[in-house]
Amino acid sequence: MRRRDTHPEHSYSIVSAQPRLHQNAPEIQAYGTVTHLLPLDLEEPVRLEVTERLNQLLADTMTLRDLYKKSHWQTAGPTFYQLHLLFDKHYNEQVQLVDLIAERIQVLGGLSIAMAHDVAEITRVERPPRGREEVPVQLSRLIDAHQIIIRELRDFARLTNDRGDAGTNDLLVSDVLRTNELQVWFLSEHLVNVPLVLAKEAAEKVGAAL
Ligand SMILES: [Fe+2]
């Protein structure tokens, strides 16, 4: 005879210390949709449009974040220590942005892209090689990625303003844009060709005296 407490319909109502492992069920919300009737005073079409663009920004930001960690690990040469630390600082700041962007999508009733496979499919940041590159190439790649994001941000900020989505607009400008602009400055200064020890004029005099 079948025991009543082992029947699947009853098993979930029985108090037990046994974990219910390997559960599976259909998704409760499809990617690319927003939930209805959120009391945000933002129409559904606006939330759909904004969350789609936020997911693009999220994928690009996650890629830039990972590009910083790659650079942090693989950088080499006389500036190793300062760049190793700087790249990790920027990485951590991008980690904060990723969470802010992703959670803004969820606030608007959408679904944030999350997994590396999905991010790789939609990011517009060029895929770097697995191997190690020279410092100026690392810096150029990072600045190019920032430029893609900054260009998108200016356009996107205008759109959110037009649609009345002040919350997203504030996030884009105050958090994402300002952080990216500052990081571009810190990177770019490493590509200025200035002497490290002897000023140019002094070096020429030394050269002439030899
Ligand atoms: Fe580290």
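Structure's up top.
All figures in this text were calculated on a predicted structure; none of them were measured in a lab.

Draft legend 1. A look at the overall build of the chain. Along the backbone of the chain there are 7 helices and 0 strands. Going from the N terminus to the C terminus, the chain shows its helices and strands as α-α-α-α-α-α-α. For 210 residues, the compact-globule estimate of 2.2 N^0.38 gives 17 Å, and the C-alpha radius of gyration of the chain, at 25 Å, exceeds that figure by more than 25%. Reported as C-alpha extents along the three principal axes, the dimensions of the chain are approximately 105 × 50 × 25 Å. Split into buried and exposed, the 210 residues of the chain put 35% on the buried side. Considering only contacts within the chain whose residues lie at least 6 apart along the sequence, 75% involve residues at least 24 apart.

Draft legend 2. Geometry of the environment of P136. With respect to the element layout, P136 can be found in helix α5 (residues 135-163). Its relative accessible area of 41% is what places P136 among the partly exposed residues. Linking P136 and V46, residues 90 residues apart in sequence, is a C-alpha distance of 41 Å.

Draft legend 3. Region of interest: helix α2 (residues 44-74). With 31 residues, α2 extends 45 Å from end C-alpha to end C-alpha; this agrees with the ideal 45 Å at 1.5 Å per step. Burial analysis of α2 places 23 of its 31 residues in the buried class, the great majority of the element.

Draft legend 4. Molecular detail of the nonpolar core. Core analysis: the largest hydrophobic core is formed by 40 residues, its most contacted members being L54, L57, L58 and L187. For this core, the elements supplying multiple residues, two or more each, are α2, α3 (80-107), α5 and α6 (166-188). Those residues in contact with L187, other than ones at most four positions away along the chain, are Y68, L86, F87, H90, L139, L142, I143 and H146.

Draft legend 5. Structural view of the side chain of D165. Position of D165 among the secondary structure elements: in the loop between α5 and α6. Classification of D165 as buried rests on a relative accessible area of 2%. At 2.9 Å, the side chain of D165 and the side chain of R104 are in polar contact. Sequence-distant contacts of D165, defined by excluding residues within four places in its chain, comprise L42, V50, R104, L108 and T160.

Draft legend 6. The arrangement of unusual backbone geometry in detail. Residue H22 is not a glycine yet carries a positive backbone phi of 55°. Inspection of the secondary structure puts H22 in the loop between α1 (8-11) and α2. For H22, a relative accessible area of 80% gives the class exposed. Its identity is not glycine, yet D41 carries a phi of approximately 60°, on the positive side. Looking at the element boundaries, D41 is found in the loop between α1 and α2.

Draft legend 7. Region of interest: α5. Across its 29 residues, α5 extends 42 Å between first and last C-alpha, which sits within 8% of the 42 Å expected from 1.5 Å per residue. Just beyond α5, the residue with positive phi is G164, at close to 80°.

Draft legend 8. Examining the side chain of R104 more closely. Here R104 shows up in helix α3. The residues contacting R104, other than those within four sequence positions of it, are L54, D165, G167, T168 and L171.

Draft legend 9. View of a nonpolar patch on the surface. On the surface, a cluster of nonpolar side chains totalling about 640 Å² of accessible area is made up of L196, V197, L198, V206 and L210. As for its placement among the helices and strands, L198 is situated in the loop between α6 and α7 (200-209).

Draft legend 10. How the structure looks around the pattern of salt bridges. Counted by the stated rule, this structure contains 13 salt bridges. Its salt-bridge partner being D88, residue K69 comes within 2.7 Å of it at the nearest N-O pair. Note that K69 is positioned in helix α2 and D88 in helix α3, a separation of 19 residues in sequence. Taken individually, K69 and D88 each receive the classification buried, so the pair is uniform in this respect. For the salt bridge of R141 with E133, the shortest nitrogen-to-oxygen distance reads 2.6 Å. Several salt bridges converge on common partners, so that one network encompasses R53, D60, R124, E152 and D155.

About the criteria used
- Along each chain, residues carry numbers from 1 onward, in the same order as the chain's sequence is written.
- For a predicted model such as this one, the threshold for reporting local features is a pLDDT of at least 70, and the threshold for listing and counting side-chain atom pairs is 80 or more; totals across whole chains, interfaces and linings nevertheless cover every residue.
- The side-chain numbers reported here are obtained from all heavy atoms of the structure, hydrogens and water having been left aside.
- Numbered from the N terminus, helices here are DSSP runs of H or I no shorter than four residues, and strands are runs of E no shorter than two.
- Radius of gyration means the value over C-alpha atoms here, while the globule rule gives 2.2 Å times the residue count to the 0.38 power.
- Exposed residues in this analysis have more than 50% of their type's maximum accessible area, buried residues have under 20%, and partly exposed residues fall in between, with area computed by a 1.4 Å probe over protein chains only.
- Throughout, a contact is declared for two residues whenever any of their heavy atoms are within 4.5 Å.
- To estimate how far a helix should extend, the number of its residues minus one is multiplied by 1.5 Å.
- To define a nonpolar core, start from buried Ala, Val, Leu, Ile, Met, Phe, Trp, Tyr and Cys residues and group those joined through side-chain atoms within 4.5 Å.
- Polar contacts here mean pairs of N or O atoms no more than 3.5 Å apart (in protein, one a potential hydrogen donor and the other a potential acceptor; neighbouring residues in sequence count only if both atoms are side-chain atoms).
- Like-charged residues within 9 Å of one another, or nonpolar side chains (Val, Leu, Ile, Met, Phe, Trp, Tyr) within 5 Å, are grouped into patches, provided each residue has over 30% relative accessible area and no salt bridge.
- The protein chains shown are the only cover counted for residues, whose accessible areas, like all others here, come from Shrake-Rupley with a 1.4 Å probe.
- In the sections that follow, a salt bridge refers to a side-chain nitrogen of Lys or Arg positioned within 4 Å of a carboxyl oxygen of Asp or Glu.

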